[in-house]
Structure formats: C-alpha cells, structure tokens
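Each chain, written out:
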2 protein chains.
Amino acid sequence: MPSLTQFAFPALLLQASGGGEGATYLTITLAISVLSLLVAAGFARYVLAQDTGTADMQKVSNAIKLGAEAFLKRQNTTILWLTVVLAVLIFAGYKVGKPDDPNIALRMTFSFVIGALCSVAAGFSGMWVSIRANIRTASAARNDINQALQVALRGGAVTGLSVVALSLLGVGILFYAFGGLEDPQHVPHQIVAFGFGASFVALFAQLGGGIYTKAADVGADLVGKVEAGIPEDDPRNPAVIADLVGDNVGDCAGRGADLFESTAAENIGAMILGVALYPVFGIQGVMFPLLARAFGLIASIIGILSVKVKGDEDPMNALNRGYYVTTAFAIGGFYGAVHLLLQGNMYLFAAGVVGIITAFLFVYITQYYTEYKYRPVMDIAKSCTTGPATTIITGFAVGLECTAMPVLVISGAILSSYYLGVNAGLNVGEQAAGLYGTAIATMGMLATAAYILAMDTFGPITDNAGGIVEMSKQPEEVRKRTDRLDSVGNTTKALTKGYAIGSAALAAFLLFSAYIDEVKLLLGKAPDSPFPIDIGHVPVFTGALIGAMLVFLFSSLAIRAVGRAAETIIEEVRRQFKADPGIMKGTSDPDYAACVDIVAKGALKAMVLPGILPIAVPVLVGVCFRLFASPTDQYPVGAVSVAALLMVGTITGILMALLMNNGGGAWDNAKKYIETGAYGGKGSDAHKASVVGDTVGDPFKDTAGPSLHVLIKLLSTITLVAAPLFI
Amino acid sequence: MPSLTQFAFPALLLQASGGGEGATYLTITLAISVLSLLVAAGFARYVLAQDTGTADMQKVSNAIKLGAEAFLKRQNTTILWLTVVLAVLIFAGYKVGKPDDPNIALRMTFSFVIGALCSVAAGFSGMWVSIRANIRTASAARNDINQALQVALRGGAVTGLSVVALSLLGVGILFYAFGGLEDPQHVPHQIVAFGFGASFVALFAQLGGGIYTKAADVGADLVGKVEAGIPEDDPRNPAVIADLVGDNVGDCAGRGADLFESTAAENIGAMILGVALYPVFGIQGVMFPLLARAFGLIASIIGILSVKVKGDEDPMNALNRGYYVTTAFAIGGFYGAVHLLLQGNMYLFAAGVVGIITAFLFVYITQYYTEYKYRPVMDIAKSCTTGPATTIITGFAVGLECTAMPVLVISGAILSSYYLGVNAGLNVGEQAAGLYGTAIATMGMLATAAYILAMDTFGPITDNAGGIVEMSKQPEEVRKRTDRLDSVGNTTKALTKGYAIGSAALAAFLLFSAYIDEVKLLLGKAPDSPFPIDIGHVPVFTGALIGAMLVFLFSSLAIRAVGRAAETIIEEVRRQFKADPGIMKGTSDPDYAACVDIVAKGALKAMVLPGILPIAVPVLVGVCFRLFASPTDQYPVGAVSVAALLMVGTITGILMALLMNNGGGAWDNAKKYIETGAYGGKGSDAHKASVVGDTVGDPFKDTAGPSLHVLIKLLSTITLVAAPLFI
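Just so you know, these numbers come straight off a predicted model, no measurement behind them. Each chain carries its own residue numbering, running from 1 in the written order of its sequence. For this description, chains carry letters from A and ligands carry numbers from 1, given in the order in which they are written. Only residues with pLDDT of at least 70 are given local features in this predicted model, and only at 80 or more are side-chain atom pairs given and counted; all residues enter the totals for whole chains, interfaces and linings. Side-chain numbers here rest on the full set of heavy atoms in the structure, without hydrogens or water.

Participant: It is not clear to me how the overall build of chain A should be interpreted in this structure. Could you clarify?
Facilitator: Put simply, DSSP marks the helices as runs of H or I at least four residues long and the strands as runs of E at least two long, and each gets a number from the N terminus on. Within chain A one finds 23 helices and zero strands. Both definitions apply: the radius of gyration is a C-alpha atom measure, and the globule rule equals 2.2 Å times residues to the power 0.38. Rg of the C-alpha trace for chain A: 25 Å, near the compact-globule value of 27 Å for 727 residues, within the 12% margin. Per-residue accessibility, obtained with a 1.4 Å probe over protein chains only, is compared with the maximum for each type, and a residue is labelled buried under 20%, exposed over 50%, and partly exposed between these values. Across the 727 residues of chain A, 70% fall into the buried class. Summarising the internal contacts of chain A: among those between residues at least 6 apart in sequence, 84% fall at separations of at least 24. Looking at chain A as shown, the accessible area adds up to about 21,100 Å², and 62% of this sits on carbon and sulfur atoms. The charge count treats Lys and Arg as positive and Asp and Glu as negative. His and the chain ends do not count. One atom stands in for each charge, and that atom is NZ of Lys, CZ of Arg, CG of Asp or CD of Glu. Separation of charge centres in chain A, based on 47 positive and 53 negative side chains, amounts to 4 Å. Note on definitions: a residue-residue contact is assigned when non-hydrogen atoms from the two residues lie within 4.5 Å. Computed by Shrake-Rupley with a 1.4 Å probe, the accessible areas treat only the displayed protein chains as cover when residues are assessed.

Right, here's the structure in full:
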C-alpha cells in the first residue's frame, strides 16, 4: 500500500522531527511495517525466480491458478457489494444516531471501508504468491528438500508479513490521519470500524473459502477414495483440481483474512485499553500495542531467514528452530518496547511473557490431541476397527474432551495477567490496571503472529506441490519429498489453528473491555465507573442464552453448506464417471472445470446466510432489548444484554471451535495412522471407517472451526461499531 | 412410603384442625400425594392381574427381569455407598462451616439422605412394574391393541404418579418436620439438600442406565444388523437380551430418577422464591408450589383414565387426547390454586399459562426436528444416499440448528413471565416479583409432569413387548400391533425429552435465584439487596468459562463410556459367533447372560468419573476463587464465580442437551424413514449409512443428552448445598 503511506509519511516525518514522542514511535512502527512489506516483496521475487518445472506440472498448476483466481474474483465481488451496503448503513446509522458529532459518521465509514479493502488485499496477495509458489516448490522438490522448503516457507512468509504489516499500516495511518497524536484518548474509538471492516471481510472469506475447500475435498474423497477406490490426487478424479483450488482459497486466502482481522481488532482493542491508562503512561500506553507488534514483525523476519534443513533431519525440526528464534527475538523486542514505552514495568513485561507461554502451551495441547503419537488419536484409530459409528462416537468424545486443558490454560493466563496488571503499581483503578495486564498478555501471544502465519500458509503450498507431483506422475523419490513436506504442513496447519483460537480467547477480554469503555464513553461516564454485566438479571441472561445459541446456529449453517455443496459435486463426479468410462481407464480427461465451477457457485451462495447472522443478531438484541429498560438500571438494558451475548457467545465459540478444530484434526490423523499400516492399513475395513471419520471432520476443522474464530471477533467489532444504537 | 407418612399425618391433622392455613394446605397436598400413590398401586394391581402369555414369552421376559433387577441392585449398591460418603462430607462440612447453627448439619444431612432414598425408591418401583408390564402388554397384544395400550400406559403411570407423589411427600414431610409451618421463611433453605440428594442419585441412575442401554444397543446393532445382517431383536443375537434390559434400566429407572429430582428441585426452588414474597402472601406463597403440583397430579390421573383407543385409530391420537384432558384440568387446577393461595392474582395465573404454552411449543418443536414428516429428518435421509459421512454431517448440522427455536421460546417465556410478575402489583422489589413470575411459569409447565412421565415409561414397555413378541416368534398380526405401539412409544420418548429439557431451562432461573437468595441469607443481607453476577469481572468470567467447559467434558466422558462399553460387547458377540456357528444357524442358544454381565460391569465402572465431575468442579471453583476476593467486592468472588459457572454451565447444558437429544432422534427416524422403503429401503447402501447415523445418535440421545438434564439441576443443587464453603 505505498500509495497510502505516500501521503502520510512526509507529514509524519516532519512531525516526528519536531518532537513529540507519539510521533516518533508511530513513525518507527510505520517504517518497520513498510520495511516488512519490502521484505515480503523480496520473498515474492525469490519465489517467482524459481524454476517452474515440466509442461505436465504447469498444466496442473495453471488449472489450479485459473480456478483459484476465478473463485477469488467472484468472491471479492460479492464481498465488495456487501461492504458497500454495510458502509451506507453505518454512515446513515451514525448520522442519525450521533448527529452532534460531525466527524464520526464519515470517519467510521471510512475506517470500515479501509479495513475491508486492506483485508481483501491481504488475502489476495497471499494467495497470489501461494498459487505460484506451489509449482515452484514441486519443481524444487525434484532436486532438494531444503530448497523446496525454502520456496514454500518464503511463499508463506509473503502472506504472514503482508497481513501483519498491512494491519499495522492501516491502524497507524488512520490513527495519524484522524489526529490521534493530538487526541489519543478519543481517536482509538473512532477507528474501531477498521477492525469491523476487517472482520466482516474475514468472515465471508473464511466461510466462502472454507465451504469451497471442504465441499471439494469431501466430494473428491467420497467418490474417489471410497466409491471408486482410486488414491488421493489421482488425475482420473474430476474433483481433484477443485480440491487443490480449495486449499488455496480456504487455507491461504481465508486464514490470511482471519489473522488480518485478528491483529487489527486486537491492536485497536489494546489501544482503547491503553486510553484508560492515559494518566499513567500518556500516549505511550496507547502506542505500545503498535510498537510491540512492529518489533514482533522484525523477530518473525529473522526467524524465517534462519530456517534451514540440516542434512536429512525432519523438516519440522527446522521450522521449530525458526519458531524458537522468533520467540527469543520477540521476547527481546517485547522487553525493549516495555522499556521504551511502559517505564520498564516488569509486571507488565511478565504479563507479556505469560502470553508467550500461553502460545507455547496451546501449540503443545493441540499436538497432544491431534498427533498419532498420543492417546486420543490412538483411541480413535482403535475404534475404527469396530466400524464408522464407533469411529465417529470416539472422535466426537475426543473433540469434547479436548476443550478442558485449553480452558484451564486460558483461565490461568487471564487470571495471572490480570493480577500482574493489578499489582503493577499503576495509579488507576483495579479493573483498568488488570485489563491492561490481559491486553499486554495478548500482545505477547501475538508477537510471533507473522511467523506462525508463514508456517500456516506453508501448509497449502506443500499440499498443492504434492498434488502437482502426483498428478504429473513424477518419480517416486520426488513424491516422497513432497509427502514429507506435506505431512509437516498438516502439523503446522493444526498448530496455527490452536494458536489462533488461543489468541482469540485471550483477546476476548480485551475486546469486551473495549466495548464496555465505548458504552461508558457514549454515556459520558468516567472510564473507571462500574459497569456490571449482571447475568442474574433476566433480560441479560436471555441475551447470554441467545449468544450461545448463535454459535450453534452459525456452526450448523456452515457445516450444512459444506454437506450441500459436497452432495452436488458427488453427483457431478458420478455423472462424469458414468457418461465416460474412459475417465476411469485413464484414456480420457475428466472435466475438471465443471467441478470447479459447481463448487464455486455453491460456496458463494451458501456463505451469505451464516455471514449475515452474526451481524444481525447482536444488533437486533441490542435494539429490541432497549424495550426492557427500567428506571432503576444504571446502564441501558440493551447495551448490557449485548455485552452478555458477546461474552457467552465468545465462551461457547471458543469451546465449539476447539471441538471442531481438534476433533477434525484427530480424525484426520487417525486415518493417517491407519495408513501407516496399523489395523490392516490401507484398504482394510478399519481404513474405510477412518475415511468416514476424516470426512466428517473436514467441515469441522476447515469450515466451521476457523469461521468461529472470525465470528468471535466479529461479534466484538460489530458491537463496538453498533454500540450507539443500544443506548 | 406409608411408613413415613404414618408419623407425620396424625400430628399434622391435629394441627390442621386447630386452624392455620399453612397446615390445611399442607394436609391437602400430602393427602393428594398419598391418594396418588394408592391410585398407582391400583394401576400396578391392574397390570399384574393381566395374562402373562405363553411359556416362550415368559422365558424372554424372565431373562429381561433377571438382568434388569441384577443391574439395578448392583447400581443401587454403588450409589448408596457414594451417598454415605457424601452424607458424611455434608455433615462435616456444615459442622465446620456453620458451627453457630446447631440444627443445620443434621437437617441438611438428613434431607440429603431422604432425597437420595426417595429417588432410589422412585426409580426402582417404576422399573419393578415396567419389567412386569412388558410381557402382559405383549400378551394383551395377541387379542386387542386397546387392551395392550391400557396395560402399557397404566404400567407407565405407576412410575409417573409415584415419582411426582414421592417428591411431594418428601418435601412436604421434611417441611413439616423441620417446623416449616412455624418458620416458613427459613425452613425451605434447610431442605435444599433433599433436592441435592435426588439429583445426586438421578445423575448416577441416568448415567449408569444410559451407558448400559446404549452400549448394549450400539453393540447389538453393529454386530447384529450391520455385520451379521440379522434383524433387530433376533434371538440369534447374543446381545439382544442386554439391549432389552437396557431399555428398562435406562429409560424407566433413569428417566424416573431424572424427573423425580426435577420435581423435587423445582418445588424447593419455587418455595425459596416464595419466601421473598412473604410480605405479600405469607406462608401461602411458600405453599403454592406444592399445592399446584398436587392439583396437577389429580389432572394427570384423570388424563390417564380417559385414554381409550377408538376403533382403528392411531394410538398416538388416544394419548394426545389424554394429554389435552390433563392440560385442561391442569389449567383449571392452577386457576384454583392461584385463587386459593395467591389472592386470585390474574397476572400470576397468566404466568402459569405461559408455562403450559411453553410445554406445548417444546413438544411441537421436538416433533418438527425428529419426525420424518418434516424437512430436517428428510434432509438427513437424503444425505444417507451419499454415504455415512454425509449422513453424520447433515445430522450434526440438524442437531446444531434445532437449538434455535427452543432458545427463542424459552427466552420469550422467561421474559414474559418475568414481566408478568413485575406487573402483578406485588409490593416487593422488581427482581423478587419478576422471579416469582418465572417460578409460577415453571410450575405451570410441570403441572402435567405425571402424565408426561407415564407416556415416557410407556415407551420402554412397548419396546420390550415388541422384543418379546419378536423373540418368541408370535404371528405376524401380533407383531404388527406391537410395532404400532412401539412406534408410538418412540414418539412419546422423544417428546418427553423435549419437555424435560424445556422445563429444566425454565426452571434454571428459579434455581439460580434460590442460590442467590441462599448466599444473601448466609451473609445476612436483605433478600432484595442487589447481587450482580458481573461476568465482566475477570475471575467471574473465568468461572463462566469453566462452567461451559464442564458441560463439554462431562458429555465427552458420558459418550466415551458408551463407546468403550459397546466395544467390549461387540468383541463378546463376535467371539460367540465364532466359537459356536450353531448360533447363527439357530440350532443353539447364545449366551445372553454373558453379554448382560459385561455391559453391567462396564456401565457401573464408567459412570463414576462423569458423576463426580459436576460435584467436584463447582466446589473447587467456589473454594479456590475465594483467593481472589478483593476488598472492594460487595460479595465474595468465590460465590459470584460459582453463580457464573452455574448460569453459563446451564446455558451450555441446555444447548448441548438439545443438540444431543434432537440430533440423535433425527438420525433414528431418518433410518426409520428409509426402512419404510425410501431411497432403496432396507438393505440398501442408504440404509446402511442411516444405521451408522442411528448408532452415533444413540449415546447422544439416550446417554449424554438425558444426563445433561440432570447435570443442569445437580449444578444448582450442589451449589445451594455447598454455598457456605464459598463465603
């Protein structure tokens, strides 16, 4: 986005040179962000400079590229139209709801649109590189696994870096443009719509992409592997290209948008909490989240550059080493940021370390529940021997169980960072100090976000590379190399989801508090006045009940969309097999494009209803529950009920996302374990049962689960933006 | 329990004759309860006087009887030992925690033990009749469907009437014995342990029975129907007797204990809320719940007596007519009770009608989601054509979706009854008046409980009758008659679950408020002082998060227990088929007893951990979170965090129970729909997929779902009893 910075930078530099600590730190933040974008561009050049393989490989890769770009174009068209509608509603709502504030309607609308556009750009740029990195990774795998890993990881890093840098640039420039350096106590509230715009786009991107990828995958697996008995990625399967396209639009573009809105929403939320500490830290408390994140970007770049596979080692070890390097530098950067901006307060630094430890624990718990080294997946694999029903029962039980440890970790993290904040010796109320502690912990957890995201996007690139190698019939040794990378990619994908839900849970408090501060500001109350969200009061409890229900209903719509779209593709593949027996013999090519087209249509149609639900429900509750306002209430019942909806919706969303992500991952790996030869190996009845489990888990872990991450944050940002309606 | 009433009655009659309105109404309540027990005894005599069929039929029936009684004896031994342990803990806890109150430790312990014993008695008596009514229903079906229906329904009515009457007698006598007529403002708080005792036994009864029934069912289905290809209830299947035993111990004894604790806990909760209205209604407000329930008993008896199948009509119509009759008389009785005790307040009467309407709506919504006349089940059936994976995905989506309407209905019911209470012109605070309105609605919803429970127990009796007819190879026309009754029984079982979860949801508020009142009483605060449960406060939010997680973990343990026990029975059946090929040929008898024994052992072992969890977690949270007490808090943080745990746990529990019950019911009926000939009918691939769905749904709808009803109320009663520890 150099065009945006062009205007802001010269003026900002002038201001920075004229003194003002805020200006200096903002300049540093924006400079680091631009630098990171340049590094990302460098990685993209590196990737594009690689060899593009044989003509056969290019044929497959081009089909994927065409399908992915066509889908993303269609999807973005739909999203942009919805954005225009919502922009008009926001503008009109603020004009009517807050007529006394001349700037707010325009600023909110502008922030919203910029947030939405940046999110589209982040998703698109990530996918643009990834659909070009896949063939280059495949080609590199013909020679050397280390080179293949470099191509895939640097391709992934383009997404990781541009997502985090764009969110910092967007928030930073809006903050500057709205006069945040002069009025840091009010401007953070005016850019919340940036987070909402980002969440809004992320929800549709994740839903659309998630439905696409899993409908294609479920469809391809069911008719291919189960019915026709052909292996995964077999070129005779008409749905195979759609499946490979899906990896890009779901995992790359979707997850990119997801993490873009995470970083954006959490930056803004933390800045709002920093406002409550204005008496202690001045503008520095508001700027801290941005600078800490910028330092995290540098740590991630160093980490990515440090990754190298030594000899014949497991590529996962190399990636883990990179993660440790990133973490070490992130802790150092965090210490520096605390030293520069927060008077070197060691309690707050400790809160940041709590966040970093939480990230680690989440990664380990996710591994325990989804890798076949451990009991849960082994249990599922064993239950496969008694058929698909027991496979599902056991897997579902594992999914339900896996919520326990993360909840205890998050509870520990929230409580300890809160009380670190309380005891940090800040001269503000207990609540404000404690919540700033949780905000710092969130920043700590997210310090390594760019590296994690690079690892995540690594997954679909290697998956695609494997598909290209398989379909273009490369020699066995090349396949072995891509298989190894692919299996590493599966692990990193699972870990990122654990990380994403962990950070969403930790950030939840930060966003609730931002909402509460917003309501207080709207009512002209002091930031430290009490705001009890008493779920013992009947309308508030009802709001909470509806919030939890919303999560169930949303998950239902997301899953059902996959089931429906998958059914259409199954019918299409069956039709093709029947119409042309040459396909199965390998003598004639199947019609890949028809499958790609059918899923795209289905996914876009299906994403609209679940996408609108989490926007409409909180607004309806907030507006309708104003009816219940009684004169004895300190705060409007509508606003309080929405807070309860938000909190209990978030709790339910975290649990449901854990269930979906880990349950799905566990089924997937139980199948992989059986494919190593256990319980009869491939082709056995146990294997067939495990395929059913894997298929059921697909929409859980790749559609509903990741969409719930976005839902949680969308609930926070929509309530922030719509707050004036509830009062 | 005539021995208990022997002591209480003469003294009470004396007191009643000496004036005192409380004594009069209590006498009426107890008299109606005793009368209902006599009617139940009459129904039992009627059932026992029926013909017991052929020797073949008796052979099957005796095997069921033996298995069921042996299991219940073992189960009750385990439960009684656990009860002794807990009784000691309660006594010691109150001795240490409240040394200033000399009576409380003994009274609490005594109430707890009586509650536990009454619950065991209610479960046992219901099952005692039901395992004798099954063969008599089967025998009657040889002549006439109406007579068979009468036997089954009256057998069910024994459970229905004795459960409700015993709970009234228990609460009423304890109230009297503790001096409630003289001190009606404190005694209701002293008998909360009766409700806890009942919930405690109910949880183990429902868990043990639920695990037993579904492990046997899943095991029998998977090896019988799917692997060996023999029909349900085929005598060659070694697990078939265990399956039939399971219907009795799970559906009869388990559900009986479940509804016993519901009525007990809700009566006590409503009495405690009545205390807050003491300034308005005096003792009458406290007595109202008991008298209203007693009138409901009379309405249910009339309803049961009115049921008659006319000519060739659907037996379901006859049962529905009985339900309408019961409802009409229940409304009349409710009006009478409001007139006698609540000054004829029409707002409160309207709140009761809200409860009755809620019961109706829940029954209809449950039908919509679980009958194959409607879209949801049809969708699942269609998805069966694309294999088991899409069957599971679609069914799970239906289960998630089905939470939406009930939540809206419950929200509407809670809000409208609350504001009816607020506007009823009572001279107490808004909160107290509103909550009494919701209590009245709960009483309205539960007025027809005895009839509903009779319909529910009708289910396993007809199911067993069908099994006996099948196994003793009766003529085709007899089978057709029992099949018709069995299918009606499936419907009534599903409806009862909808009703049970609806009443649990409506009653939730009543039990929360009882807890809050209890805490206020313990702290010596006025009943109308505010008690905000602010989930915006970090420790309180953490409590809420743990409450929601508890529901997930509990469900996991319950489901997994079924999966494990089912795996052992599958191995046993496979072993028997292999060891003796004569079994499949029908030349030698399988070893039924071995299967019965294996499941019993597995179920009892598996019920302990999930049973202890919901007792230990709230107590741990309440005690540990006292650490976080800060001087600015009005109430101890431990007590408030437990309240949040309770409320959010209840919300999550309601949603999860709806998902489990309706999802499971929908899969079951999708299979039944295909068995009518749709999508290829029996034996087709779609049918095989539907059997997988049905099997997955079994532990959902018959183990985890119903256990969650109990869990919700156990959380309320354990927190009530353990409240002194949190302060």
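And the narrative resumes.
Participant: Would you explain the relation of the copies chain B and chain A in this entry?
Facilitator: For the pair of chain copies, the relating operation is a rotation around an axis with a shift along it. When the copies are superposed, the least-squares fit takes in the C-alpha atoms of residues with a pLDDT of at least 70 in both. Superposing chain B onto chain A takes a rotation of 180 degrees plus a shift of 0.0 Å along the axis, which leaves an RMSD of 0.0 Å. When the rotation and shift are considered jointly, the pair of chain copies conforms to a two-fold rotation axis. Within chain B, the C-alpha atom positioned nearest to the axis of rotation is that of Asp534(B), 2.4 Å from it. When the interface residues of chain B are mapped onto chain A, 100% of them again lie at the interface, so the same face is used by both copies.

Participant: I would appreciate a short explanation of the pattern of salt bridges in the present structure.
Facilitator: As a working rule, side chains carrying opposite charge can pair if their charged atoms are close by. All names here are of chain B. Each reported salt bridge corresponds to a side-chain nitrogen of Lys or Arg within 4 Å of a carboxyl oxygen of Asp or Glu. Applying the stated criterion to the full structure yields 50 salt bridges over all chains. With a closest N to O distance of 3.0 Å, Arg142 and Asp51 form a salt bridge. You can see Arg142 sitting in the loop between helix 4 (104-140) and helix 5 (145-177) and its partner Asp51 sitting in the loop between helix 2 (21-48) and helix 3 (55-97), a full 91 residues away along the chain. Note that Arg375 and Asp379 form a salt bridge whose closest N and O atoms lie 3.4 Å from each other. One end of the pair, Arg375, and the other, Asp379, are both in helix 13 (residues 375-383), four residues apart, so they sit about a helical turn from each other.

Participant: In this structure, what is going on with the packing of aromatic side chains? I would like to understand it.
Facilitator: Here the aromatic set is Phe, Tyr and Trp, taking the six-membered ring for Trp, and pairing holds for ring centres within 6.5 Å; pairs whose planes are under 30 degrees apart are stacked, those over 60 apart are edge-to-face, and all others are tilted. Counted under the stated rule, the structure contains 45 aromatic pairs over all chains. An angle of 45 degrees between the planes, with centres 5.3 Å apart, marks the rings of Tyr372(A) and Tyr673(A) as tilted. Remark: Tyr673(A) occurs in helix 22 (residues 637-675) and Tyr372(A) occurs in the loop between helix 12 (346-370) and helix 13 (375-383); sequence separation between them is 301 residues. With relative accessibility at 33%, the residue Tyr372(A) sits in the partly exposed group. Through successive ring pairs, a cluster of aromatic residues spans Phe396(A), Trp667(A), Phe700(A), Phe396(B), Trp667(B) and Phe700(B). In this analysis the charged atom, NZ for Lys or CZ for Arg, is taken to sit over a ring once it is within 6 Å of the ring centre and within 35 degrees of the ring normal. The residue whose ring lies beneath Arg154(A) is Tyr46(A), and the NZ or CZ to ring-centre distance is 5.1 Å. Above the face of the Trp128(B) ring, Arg132(B) is positioned so that its terminal group lies 4.0 Å from the ring centre.

Participant: What's the story with the interface of chain B and chain A in this structure? I'm lost.
Facilitator: Interface size is commonly expressed as the accessible surface area that is lost when the partners come together. In this complex, chain B contributes 76 residues to the contact, which on the side of chain A involves 76 residues. The buried area of a pairing is the accessible area, by a 1.4 Å probe, that goes missing from both parts when the two are put together, added over both. Interface area for chain B against chain A, summed over the two sides, is near 6,900 Å², with a carbon-plus-sulfur share of 77%. The tally of links from chain B across to chain A stands at four salt bridges. For Arg560(B), the salt bridge is made with Glu401(A), and the minimal N-O distance between the two is 2.9 Å. In protein, a polar contact requires one atom able to donate a hydrogen and another able to accept it; more generally it is a pair of N or O atoms within 3.5 Å, and residues adjacent in sequence count only if both atoms are side-chain atoms. In this structure, the connection of chain B to chain A is made through ten residue pairs in polar contact (both at pLDDT 80 or more). For the side of chain B that touches chain A, the per-class residue count stands at 49 nonpolar, 17 polar and ten charged. Three classes are used: nonpolar for Ala, Val, Leu, Ile, Met, Phe, Trp, Tyr, Cys and Pro, charged for Asp, Glu, Lys and Arg, and polar for all others, with Gly counted as polar.

Participant: Would you mind going over helix 8 (residues 240-276) of chain A with me for this structure?
Facilitator: For helix 8 of chain A, which comprises 37 residues, the first-to-last C-alpha distance of 53 Å matches the rise-based estimate of 54 Å (1.5 Å per residue) to within 8%. Counting buried positions along helix 8 of chain A yields 37 of 37 residues, so the element is predominantly enclosed. Take the number of residues in a helix, subtract one, and multiply by 1.5 Å to get its expected span.

Participant: Help me understand the nonpolar core in this model?
Facilitator: Take the buried residues of types Ala, Val, Leu, Ile, Met, Phe, Trp, Tyr and Cys, join any two whose side-chain atoms come within 4.5 Å, and each joined set is a nonpolar core. Core analysis: the largest hydrophobic core is formed by 570 residues, its most contacted members being Tyr515(A) and Tyr515(B). Excluding residues within four positions of it along the chain, Tyr515(A) makes contact with Ala639(A), Val642(A), Ala643(A), Leu646(A), Thr719(A), Leu720(A), Ala723(A) and Phe726(A).

Participant: Before we go on, may I ask you to explain the packing of helix 5 of chain B against helix 18 (residues 476-522) of chain B in this structure?
Facilitator: Working note: a packed helix pair is described by the angle between its axes plus the distance between those axes. All names here are of chain B. A fitted line through C-alpha atoms represents every axis, and for helices the fit uses only the stretch in contact; the resulting angles, taken between N-to-C directions, go from 0 to 180 degrees. Contact pair helix 5 / helix 18: the axes reach a minimum separation of 10 Å and the direction vectors enclose 45 degrees. The angle between helix 5 and helix 18 falls in the class oblique. Both helix 5 and helix 18 take part in a crossing whose hand is right-handed. Contacts from Ile145, Ala148 and Leu149 in helix 5 reach Arg481, Arg484 and Leu485 in helix 18. Classifying every residue of the contact of helix 5 with helix 18 gives four nonpolar, no polar and two charged. Roughly parallel means an angle under 35 degrees; roughly antiparallel means over 145; roughly perpendicular covers 65 to 115; every other angle is labelled oblique. Crossing chirality is assigned from the near helix's rotation relative to the far helix, an anticlockwise turn below a right angle marking it left-handed and a clockwise turn marking it right-handed.

Participant: Just checking my understanding: could you explain the environment of Gly229(A) for this structure?
Facilitator: All names here are of chain A. Checked against the element boundaries, Gly229 lands in the loop between helix 7 (192-228) and helix 8. The exposure class of Gly229 is exposed, given its relative accessible area of 56%. For the pair Gly229 and Gly285, spaced 56 residues apart in sequence, the C-alpha separation works out to 60 Å.

Participant: What am I meant to see in unusual backbone geometry here?
Facilitator: Negative phi is the rule for most residues except glycine; trans is the rule for most peptide bonds. Residues and elements named next belong to chain B. For Gln343, which is not glycine, the phi dihedral falls at a positive 55 degrees. Secondary-structure assignment places Gln343 in the loop between helix 11 (315-341) and helix 12 (346-370). Taking the relative accessible area as the measure of exposure, Gln343 reaches 59% and is therefore exposed. Unlike most non-glycine residues, Tyr679 shows phi in positive territory, near 50 degrees. With respect to the helices and strands, Tyr679 occurs in the loop between helix 22 (637-675) and helix 23 (685-722). Classification of Tyr679 by relative accessible area gives partly exposed; the value is 36%.

Participant: What should I look at first to understand helix 19 (residues 538-579) of chain B in this one?
Facilitator: Given 3.6 residues per turn, any residue in an α-helix points the same way as the ones three and four places further on. Taking 1.5 Å per residue as the helical rise, helix 19 of chain B with its 42 residues ought to reach 62 Å, and the 61 Å between its terminal C-alpha atoms agrees with that figure. Counting buried positions over the 42 residues of helix 19 of chain B gives 35, a clear majority of the element.

Participant: Whenever I open this one, the side chain of Asp217(B) confuses me. Can you help?
Facilitator: Residue and element names in this part refer to chain B. Note that Asp217 resides in helix 7 (residues 192-228). Within the structure, Asp217 has its side chain in polar contact with the side chain of Lys214 (distance 2.8 Å). In this structure Asp217 touches Asp243 and Asp698, once residues within four positions along its chain are discounted.

Participant: I tried to follow the environment of Val692(B) on my own but got confused; where do I start?
Facilitator: Within the secondary structure, Val692(B) is located in helix 23. Taking the C-alpha atoms as reference points, Val692(B) and Ala389(B), separated by 303 residues in sequence, lie 9.1 Å from one another. The contact partners of Val692(B), leaving out residues within four places of it in the chain, are Pro388(A), Ala389(A), Pro388(B) and Ile392(B).

Participant: What am I meant to see in a nonpolar patch on the surface here?
Facilitator: Residues and elements named next belong to chain A. Together, Leu48, Phe124 and Trp128 make up an exposed nonpolar region whose accessible area comes to about 240 Å². Take Leu48: it is sitting in helix 2 (residues 21-48). Take Leu48: its relative accessible area is 34%, and that puts it in the partly exposed class. Here, patches come from residues exposed beyond 30% relative accessible area and free of salt bridges, joined within 9 Å for like charges and within 5 Å for nonpolar side chains (Val, Leu, Ile, Met, Phe, Trp, Tyr).

Participant: Would you mind showing me how to read the packing of helix 4 of chain B against helix 7 of chain B here?
Facilitator: Residue and element names in this part refer to chain B. Between helix 4 and helix 7, whose axes approach to 7 Å, the crossing angle comes to 40 degrees. As the angle between them shows, helix 4 and helix 7 are arranged oblique. The hand of the helix 4/helix 7 crossing is right-handed. For the pair helix 4 and helix 7, contact is made by Met108, Ser111, Phe112, Ile114, Gly115, Ala116, Cys118, Ser119 and Val120 and by Val192, Ala193, Phe194, Phe196, Gly197, Ala198, Phe200, Val201 and Ala202, respectively. The class makeup of the residues in the contact of helix 4 with helix 7 is 14 nonpolar, four polar and no charged.

Participant: Even after reading the chapter, I still don't get the environment of Asp144(B), so can you show me in this structure?
Facilitator: Residue and element names in this part refer to chain B. With respect to the helices and strands, Asp144 occurs in the loop between helix 4 and helix 5. C-alpha separation for the pair Asp144 and Asp100, spaced 44 residues apart in sequence, amounts to 65 Å. In terms of polar contacts, Asp144 uses its side chain to reach the backbone amide nitrogen of Gln147, at 3.3 Å.

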